[in-house]
Structures are given as C-alpha cells and as structure tokens.
Amino acid sequence: MSKRRFVPENLNPDDVDAVTELYQNLVQAFIPYTAPALKDWILKWSELSSVLAEVSSRRYVAMTINTADEKAAKDYSNFIENIEPISSEYDDKLNKKLMAHPCISELQDEFGVWFKSVQVSLDLFSPQNIPLETEETMEIQAYQKITGGMSVEFDGKTQTMQQVASYMERTDRTLREKAYRTMWNRRLQDKDALDKAFDKLFSLRNKIAKNAHCRDYIDYIYLAKRRFDYTPKDCKAFHESIEKLVLPLQKEMYNRRAQKMGLSKLRPWDLDVDPLSRAPLTPYKTGDELIEKVGKIFEGIHPQAGSWFKILQEKKLIDPDSRLGKAPGGYQIGFDESRLPFIFMNSAATDRDIYTLLHESGHSFHQFALANQPLFAYRDVPSEFAEVASMSMELIGTSNLTPFYGNDKEALARSIEGELADVIWLFPWVASIDSFQHELYSRPAHTAKDREEIWLKIMDRYDAGVDYSGLENIRANLWQKQLHLFECPFYYIEYGIAQLGALQVWANFKKDPEWAINRLFEAESLGCSRPLPELFDRAAIKFDFTPKTIEPLMQLVWDNL
C-alpha cells in the first residue's frame, strides 16, 4: 500500500463533512493547463476512490461473514446510505470537470479507455438515481438476510443450505432425495419473500433506467456494464449456439450417467453423485487443510501463482468455512487501497470446494497482477475477462491434484471428470439465466406467476432430460437459487464468454504451460486499461463466441471427458 498523497491518514470514512470536503477540494481545484497537472489531479481523485472503496469492501466482508452481526450490518448500511451517495453526486461533477479540461487529448493513450467510460457515466447520470441506487443496495442486503438465515434440521443437526447440498454426493439415493426435498422445502418457505424482494429490485431498476433516459433496463445495463464489444443480439445468437452445440453433449452426458446408474431417467438428486456408487471424494477435512493443499497445487504449477497464494495464506485473506449465519455463495473482493484480495467461500469438505478455491484464487491473482495500475478505474476489470482469470485456474489446476489425491488414479480421474462435466453443464445454465433476464427486463412489468411461466419455457428449451415429476413447484422456482439475478443483474453471460476464453488458455497450457500462464498474467496486469478484445489477445486467446470458436473447444472438453 503506497503512502497517501491527498487523503489524510486519519480520515474518518463515516464523517460526511470530511468526505464531502475532500470531494469539494477536487471540484474546486484549479488544474493548470498541462497534461502532468491533469494527471496529478486524476490520481488524487483515484486515491480518494480507492480509500472509500476499501472501506466499503471490508464492511461488506464483515457483514457477509456473519449476517447476524447487527453492528457489521449497521456499519455497512451507514456507509451505503451516507457516504456512497456523496461519491455518486461528486463523481458526476468530477467527470464533467475532467472532460472539460483542454489537455484531455494529451492523456488519451494512457487513459483513453477510462475517458470513454467517463463519457458513458455522464450520459447515464441522473441525480434522481442516487437515492434509488442506495435503496437498491439496501434491498440486496435484505435479500442476503433472507438467504443467509436459511437452515434446516437434517441428519441430526442444524445445517446450512450449502452443507445439505453436499448430501447430493452421497451414494444412498433415498438419503439424497430426502436431502434435496428438505433443502427445497426450506427454500420454498421463503418463495413469497424472495418474489417480493425481486419485485422491489425490478421496479427500482426500471426507474433507474427511465431516469437515465434509456429505452429499458437492458439498454441501461449494457451501457452501465460498458459492453462496448457485444450486444443483446450477440447474446441471443450465443444462446442458440449453446442450444445447438452444447446441449446435445449435456444430454449424452446425462444419458451415460443414467445408464451407469441403471436408471431410465435421472432425477435432480442424481446429478452429483458418483454414477458407479463409489463414496464421495473426501479430499480434505478442514478449511485450513483445503487452503494448504491448494497452495501446493499452485506451487507446482507456476512460481508466481505459488508466491501470490502464500500471501493469501500468511495474511489470512481466505475465509473458507460454511457456518450458520454466514451469507451463501463465494466471492473474491479487492481491498483497493491495500491492493489485496479477499476470498469468501462456503466449503463443505467436497471435491467441488477445490475448484471453488482455485476459481477465487484466479481472481486473486488478477488483483495481484494489476496492483500496479495507478488508476482506480483500471483495477475494476470487465467480468468477461475477470472470469477468464478464475476459470482458467480451475482447468489448469486439474493438472496437479496430487496434493489432495496423491497417486490415486481413480480419484484423480473422478475429480477431473467432475470439473469437465461442470464446464458442459455451465453453458446451458448460462443461456437459461441470461435469456431469463432478457425476457424479464424487456417487459415493463410482470407478476410472480408470469416469471414462473417465462422460466418454465426456458427450462423446456434447455431440457437435458432430468425428470422433475412431482417437483413442478421446485422446477418453476429454480431461478430463485441464482443470487446473481438479485444481486448483480445481467452478470451471468460473462461466465459463458469467459469459459470460452478459459478453455483456450487451458488448450494453450496443454501445449506450453509456462508460456500460457505468463501470457495470462501479462494480460491480467493491464487491468482494464485496454479494450476487452485486446485483453483477450494479450492472453493469446480470441474474444469470440461464435460456433467457429465454440465447436472445437467443446470437442476438446468432450475428448478429455
């Protein structure tokens, strides 16, 4: 962490007056008409943004680590309600001041990608949206409280949804079915609450789009996400390619699984268990052991990866364990001023946890790689490439699983098979979630019943042959388990685009491991200082999600599977 040049070391980030004064200093500052003077002013603004972003991130971590911690929730809420609106208001003023400076053209080579983004921010900004965006964040927090509080009595103890989900790997089919029904009965208890939460978020997002003078929320979010390199039309073509090229592989994969299990059709609780009724893989016992062994994977793959992961260990920047009251899911978040990542996950002693930590570690390596980017905005990487960083590490990690399984060839093969099967499964699910969002947000309004009908049509389109007889209510509400729909709308197609990038990195790795990872880390070091296609190119992969790219990559997965 570099020494502050503009923000006082003793700044109280909750002090509205002190934060406002810093922003006013930037707005009122006279910037001499030279490029170095403008750059110096930009870096002061960037420093303030970094300081406040780290406060927000650390409080978000504290809140999600324990959703029952009222002080943590209050600290986060206070910051969201009192400080972030100041940033929103003044960022618009600073954007205008920046774009009006006569020397902006002289910094085009260095900051041109950001300048383009700033112009979009100016176009989208509406003061009416500041309270609405705060309200949206608070509604997301309310949603997290609903899901974070979900637990059931199962197998003689109180368990989280993540812990019960691990029973889907048990060989006892009756137990799996009981666990599945128990889990979903609990989820459906909150069905109405989740529907209401989504209704509120949907309404807020439509208002935000209208205030920004966009035709609908789809137009708004594509601009807000800086999707300059592809359109909704491209996404729909991608959905069609997935239906044509990937869904048949998923159907064949499920047919083979059903044959091995001696079943005419798979039920939802038959998808994660070993098809030959071998006991679930038990690669580790504790979260600390998971961290230690993943560290050995990275040490064996690439010295830089091993070195970065050691920092995560030594600074205790990973919280691996699932606990009652801990928010669901997993994420990596950056502490912007410190230039450090933090990994949050809910491990349950499963093989899948290895890949979750490999994935989030990939995000962390990205944070380390771009740490020298001086501009705050350039450390916020587009998801389409951020997920290449994470998904690549999952696939590359399959080359060195001996810390968990030693020389047990059967266990190694089962683990790798599970990872590659997940790659095939991911594409139709991405298409389902993305087309669901496009359909919902293309409408000015809809009811919970409308949502179910829309979702069921999509489920039919991407039906891989799983039998939901008697589970129709669950099938109609499967979308509710996808937190992205609530927390980060339209953030899902990125996984599909990025998976294609990661598969290309993996293909490169198979030919020349050191070169492939070096090229990936080189691209990651750019942050988002270059356009998306250029980031892909620097990693020696193509930014393309047409059949020409998809077909050979899926053949690679299928051949290895």
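No experiment lies behind these values; they were computed from the predicted model shown.

About the criteria used
Residues numbered from 1 in each chain as written. Predicted model: local features only at pLDDT ≥ 70, side-chain atom pairs only at ≥ 80, totals over all residues. Heavy atoms only, no water. Helix = DSSP H or I, 4+ residues; strand = E, 2+ residues; numbered from the N terminus. Buried < 20%, exposed > 50% of the residue type's maximum accessible area, 1.4 Å probe, protein only. Core = buried A, V, L, I, M, F, W, Y, C linked by side-chain atoms within 4.5 Å. Contact = heavy atoms within 4.5 Å. Axes fitted to C-alpha atoms, helices over the stretch in contact; angles between N-to-C directions. Parallel < 35°, antiparallel > 145°, perpendicular 65-115°, else oblique. Left-handed = near helix turned anticlockwise from the far one by under 90°. Nonpolar A, V, L, I, M, F, W, Y, C, P; charged D, E, K, R; others polar. Pairing = 2+ DSSP bridges.

The phi angle at arginine 226 is positive, at roughly 55 degrees, despite the residue not being glycine. Counting through the fold element by element, arginine 226 comes out in the loop between α9 (217-224) and α10 (232-245). For arginine 339, which is not glycine, the phi torsion reads 60 degrees and is therefore positive. For arginine 339, a relative accessible area of 23% translates into the label partly exposed.

Turning to the nonpolar core, a few remarks are in order. In this structure, Tyr180 and Phe385 are the most contacted members of the largest nonpolar core, which totals 154 residues. Looking at this core, the element that brings in the most residues is helix α17 (residues 409-441), giving 15 residues. The contacts of phenylalanine 385, once residues within four sequence positions are left out, are His366, Leu520, Ala523, Glu524, Leu532, Leu535, Phe536 and Ala539. Residues Phe6, Trp41, Ile104 and Phe111 belong to the second largest nonpolar core, which totals 34 residues.

Below, the discussion takes up the packing of helix α11 (residues 247-261) against α17. The N-to-C vectors of α11 and α17 enclose an angle of 135 degrees; their axes lie 9 Å apart at closest approach. Of the possible angle classes, the one that applies to α11 and α17 is oblique. Pair α11 / α17 crosses with left-handed handedness. Of the residues in α17, those in contact with Leu247, Leu249, Gln250, Met253, Tyr254 and Lys260 of α11 are Glu417, Ala421, Ile424, Trp425 and Pro428. For the contact of α11 with α17, the per-class residue count stands at eight nonpolar, one polar and two charged.

For the rest of this paragraph, the subject is the pairing of strand β4 (residues 331-335). Most of β4 sits out of view: five of its five residues are buried. Of the two faces of β4, both are covered, the one formed by Tyr331, Ile333 and Phe335 as well as the one formed by Gln332 and Gly334. Sheet analysis places β4 next to strand β5 (residues 340-347), joined by five bridges and oriented antiparallel. The residue bridging glutamine 332 from the neighbouring strand is isoleucine 343, located in β5. Hairpin geometry of β4 and β5 is characterised by an intervening segment of four residues between the two adjacent antiparallel strands and by a positive phi of about 60 degrees at arginine 339.

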